[in-house]
Amino acid sequence: MRLVIARCQVDYAGRLTAHLPMANRLLLVKADGSLSVHSDDRAYKPLNWMTPPCWLTEEPGTWTVQNKAGEKLVITIEEVMHDTAHDLGPEPGLVKDGVEAHLQELLAEHITTLGDGYTLVRREFPTAIGPVDIMCRSGEGTSVAVEIKRRGEIDGVEQLTRYLELLNRDPLLAPVQGVFAAQLIKPQARVLAQDRGIRCVTLDYDALRGIESDEFRLF
């Protein structure tokens, strides 16, 4: 991983255009080829980014990141204050919460919980930035990517959004719809998901295990 702190401006040209004026920023280049531009706020979310497959061309004072679709991220560098590279070694992967892992297993087994006619493609469907919990097809044959959480928060919606962005670049899969499934979905996460066209599904763990609850539930 390469970390560069620089005074720079950033211009994106692709499906739309965006401009970040000259300021001090962190440029993060990962081994998978991705590049993201960060400021000293907004928590983890970058100001702009380019996901793989893409390539970086460095010229004096200018970085150009381009992908196969012809989208470009042009970074004009006025001053470099820090430039280091670090080998992080192999990634052991995310160890899921036991309930969360079991939810994935149960939902894959009972995929029609998502709707009539749904069929399972596979669990842990691979992407360049990590596996989607479940890939399936709707009754109409549309590809559907499912991200499963025990507690659904904004981070999970952002994670699924990144998966969908990559998956929809594959002509064999597109269009890919998203489903955010959790035992409990926070209101803010639900609003964000709906704004991005992602369907939210509340999972009943006991019902999936075949245990009937004697409590009344609203659906």
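From a predicted model like this one, the values you see are computed outputs, not experimental measurements.

*Asks:* Give me the overall build of the chain: which residues, what numbers.
*Replies:* When its secondary structure is counted, the chain shows 4 helices and 12 strands. Seen through its C-alpha atoms, the chain measures out along the principal axes to roughly 65 × 35 × 30 Å. Burial status across the chain gives 37% buried among its 219 residues. Partitioning the intrachain contacts of the chain with sequence separation of at least 6 by distance along the chain shows that 50% fall at a separation of at least 24.

*Asks:* Go over the side chain of H38, please, and point to the residues and values.
*Replies:* With respect to the element layout, H38 can be found in strand β3 (residues 35-38). In terms of polar contacts, H38 uses its side chain to reach the side chain of S36, at 2.9 Å. Not counting chain neighbours up to four residues away, the residues in contact with H38 comprise R25, L26, L28, Y44, K45, P46 and L47.

*Asks:* So, the sheet that holds strand β10 (residues 143-152): which residues are in play, and what are the values?
*Replies:* Strands sit in the order β8-β9-β10-β11-β12 across an open sheet of 5 strands; the sheet is mixed. Bordering the open sheet on either side are β8 (119-125) and β12 (199-202), each of which pairs with just one other strand. This sheet shows a mean twist of 30° between the axes of neighbouring strands, independent of strand direction. The pairing of strand β9 (residues 132-137) with β10 spans 4 bridges and is antiparallel. Note on β10: the bridge partner recorded for C136 is V144. Across the sheet, helix α3 (residues 187-195) touches β10, β11 (176-185) and β12, and the angle it forms with β11 is around 170°.

*Asks:* Kindly report on unusual backbone geometry, identifying the contributing residues and their values.
*Replies:* The linkage connecting P52 with the following residue, P53, adopts the cis geometry, with an omega of 0°. With an omega of -5°, the peptide bond running from A174 to P175 counts as cis. Residue position: P175 is located in the loop between α2 (154-167) and β11.

*Asks:* Requested: an account of α3, with residues and values cited.
*Replies:* Among the residues making up α3, those that are buried are A189, L192 and A193. The buried side chains of α3 occupy one side of the element, clustering within an arc of 100° when seen end-on. Every exposed residue of α3 that faces more than 90 degrees away from the buried side is listed here: P187, V191, Q194 and D195. Those residues of α3 hidden inside the fold are in contact with β10, α2, β11 and β12. G197 sits one or two positions beyond α3 and adopts a positive phi of about 75°.

What counts, and where the lines are drawn
- Residues numbered from 1 in each chain as written.
- Predicted model: local features only at pLDDT ≥ 70, side-chain atom pairs only at ≥ 80, totals over all residues.
- Heavy atoms only, no water.
- Helix = DSSP H or I, 4+ residues; strand = E, 2+ residues; numbered from the N terminus.
- Buried < 20%, exposed > 50% of the residue type's maximum accessible area, 1.4 Å probe, protein only.
- Contact = heavy atoms within 4.5 Å.
- Polar contact = N/O pair within 3.5 Å; in protein donor to acceptor, adjacent residues only side chain to side chain.
- Pairing = 2+ DSSP bridges.
- Axes fitted to C-alpha atoms, helices over the stretch in contact; angles between N-to-C directions.
- Arc of directions from axis to C-beta.

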